[in-house]
Amino acid sequence: MERQDNRQADQLRPIGFQTGIAPHATASVLVNFGNTKVICAVTIEDDVPRWMKAQRVEGGWITAEYSMLPYSTLDRKRRDITAGKLDGRSSEIQRLIGRSLRAAVDLSKLGSRTIWIDCDVLQADGGTRTASITGSSVALAIALNKLVAEGKLAESPMKKLVGAVSVGILEGEPLLDLCYVEDKDAEVDMNLVMTDSGEFVEVQGSGEEAVFTAEQMAQMLALGKKGLQEIAELQRQAIAAADVPDPEKLVELRNFFQTSK
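Quick summary incoming for the structure in this document.

### Quick word on the environment of E202
And then number 1: Following the sequence through the fold, E202 ends up in strand β9 (residues 200-207).
And then number 2: On the basis of relative accessibility, which here comes to 18%, the residue E202 falls in the buried class.
And then number 3: Here the alpha-carbon distance between E202 and A103, two residues 99 residues apart in the chain, equals 9.9 Å.
And then number 4: Residues contacting E202, with those up to four places away along its chain left out, are L96, R99, N191, L192 and V193.
And then number 5: Only 2.7 Å separates the side chain of E202 from the side chain of R99, close enough to count as a polar contact.

### Describing the environment of Q18
And then number 1: By the secondary structure assignment, Q18 is in strand β1 (residues 15-19).
And then number 2: The partly exposed category is assigned to Q18, whose relative accessible area is 43%.
And then number 3: Along the backbone, Q18 and L30 are 12 residues apart, and their C-alpha atoms lie at a distance of 5.0 Å.
And then number 4: When near neighbours in sequence (up to four residues on either side) are disregarded, Q18 contacts S28, V29 and L30.

### Thoughts on the sheet that holds strand β7 (residues 173-176)
And then number 1: Across the sheet, four strands lie side by side as β7-β6-β8-β9; this open sheet has antiparallel pairing. The sheet is open, and its two edges are formed by β7 and β9, each paired on a single side. For this sheet, the mean angle separating the axes of adjacent strands, direction not counted, is 15°.
And then number 2: Sheet analysis places strand β6 (residues 162-170) next to β7, joined by four bridges and oriented antiparallel. Bridge pairing links I169 to P174 in β7.
And then number 3: Where helix α4 (residues 128-149) meets the sheet, its contacts fall on β6, β8 (188-195) and β9, and the angle it forms with β6 comes to roughly 160°.

### So, unusual backbone geometry
And then number 1: With phi around 65°, N6 is a residue other than glycine that occupies positive phi space.
And then number 2: With respect to the element layout, N6 can be found in the segment before β1.

### Focus: the nonpolar core
And then number 1: I62, I115 and L144 are the most contacted members of the largest nonpolar core, which has 59 residues in total.
And then number 2: It is α4 that provides the largest number of residues to this core, a total of 10 residues.
And then number 3: Residues within four places of I62 in sequence aside, it is in contact with L101, R102, V105, L107, L110, I115, I117 and L140.

### Considerations on the pattern of salt bridges
And then number 1: If you walk through the whole model with that rule in mind, you get 17 salt bridges.
And then number 2: Residues E202 and R99 are paired through a salt bridge, measuring 2.7 Å at the closest nitrogen-oxygen approach. Of this pair, E202 sits in strand β9 while R99 sits in helix α3 (residues 88-102), and the two are 103 residues apart along the sequence.
And then number 3: Residue classification places R99 among the partly exposed positions, given a relative accessible area of 33%.
And then number 4: Through salt bridges with shared partners, one network takes in R3, D5, R7 and E182.

### Description of the packing of α4 against helix α6 (residues 214-241)
And then number 1: Axis separation between α4 and α6 bottoms out at 10 Å; the angle between their running directions is 35°. Here α4 and α6 pass one another in a crossing that is right-handed. Here T134, S137, V138, A141, I142 and N145 of α4 lie close against α6, whose contacting residues are I231, Q235, A238 and I239.
And then number 2: Counted by class, the contact of α4 with α6 contains six nonpolar, four polar and no charged residues.

### A short note on the packing of aromatic side chains
And then number 1: On inspection of all chains with the given rule, the structure shows one aromatic pair.
And then number 2: With a centroid separation of 5.0 Å and 90° between ring planes, the pair formed by W51 and W61 is classed as edge-to-face. With W51 in helix α1 (residues 50-54) and W61 in strand β4 (residues 61-68), this pair connects stretches of sequence that are 10 residues apart.

Rules used throughout
- Residues numbered from 1 in each chain as written.
- Predicted model: local features only at pLDDT ≥ 70, side-chain atom pairs only at ≥ 80, totals over all residues.
- Heavy atoms only, no water.
- Helix = DSSP H or I, 4+ residues; strand = E, 2+ residues; numbered from the N terminus.
- Buried < 20%, exposed > 50% of the residue type's maximum accessible area, 1.4 Å probe, protein only.
- Contact = heavy atoms within 4.5 Å.
- Polar contact = N/O pair within 3.5 Å; in protein donor to acceptor, adjacent residues only side chain to side chain.
- Pairing = 2+ DSSP bridges.
- Axes fitted to C-alpha atoms, helices over the stretch in contact; angles between N-to-C directions.
- Core = buried A, V, L, I, M, F, W, Y, C linked by side-chain atoms within 4.5 Å.
- Salt bridge = Lys/Arg side-chain N within 4 Å of Asp/Glu carboxyl O.
- Left-handed = near helix turned anticlockwise from the far one by under 90°.
- Nonpolar A, V, L, I, M, F, W, Y, C, P; charged D, E, K, R; others polar.
- Phe/Tyr/Trp six-rings, centres within 6.5 Å; stacked < 30°, edge-to-face > 60°.

Put into structure tokens, the structure is as follows:
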């Protein structure tokens with residue numbers, strides 16, 4: 001079958017990472033999967049949730065928030081605040097983002113810190129959750145590298161990168177990285193979250209008023225693994241290219257502010 005954007009069945013949409021998009025965040029990334037664009041920003045607090053203190057849990061915590069901006073879709077999406085509560089889809093996605101990132105980090109080595117990951121969808125064309133996870137992993141790696149550069153951590157507690165991609169079956173054919181038009185008509189929709197070493201973090205799949213065979217599932221998993229290997233390489237390139245402050249410059253900056261008081 002001919003795809004909406006003339007891609008091959010096993011071809012990803014163009015993926016890009018623009019780092020440093022939100023200067024006040026510890027680290028930030030504007031990630032695009034084709035026309036889907038998400039800002040993923042990391043903020044670090046030197047404190048942990050009350051439940052960790054109450055249960056005397058060592059280490060830190062990672063949590064996420066996800067939202068679609070009103071103008072991210074063709075029809076204006078009402079903000080959750082106007083409804084007085086977070087909608088079920090947003091809640092489910094932000095919990096998925098948090099779980100995915102916690103799987104990649106040794107929380108015991110994070111220290112008494114809470115890492116907030118905010119994902120704001122600027123433009124939605126399918127795969128907003130997979131783009132959010134993929135971009136957040138890049139932003140988190142950069143943020144933790146900054147803590148190491150600043151001397152706040154001896155080493156990065158990030159064990160692995162995490163990426164996500166959608167796969168599905170449309171008109172009987174397995175496809176990789178579905179755009180919105182493909183996703184809304186797909187007979188089967190699946191989201192894969194994996195580490196850059198090929199381990200599964202989470203698999204979300206369902207038939208949309210349809211069923212699928214073990215063979216079709218194997219085909220989708222194979223497509224997803226191939227795509228995630230390509231995504232992991234793009235993530236590594238984005239992290240390597242990020243401007244992590246030089247430790248000596250950070251010391252000079254701190255001294256400047258101390259003597260200016």
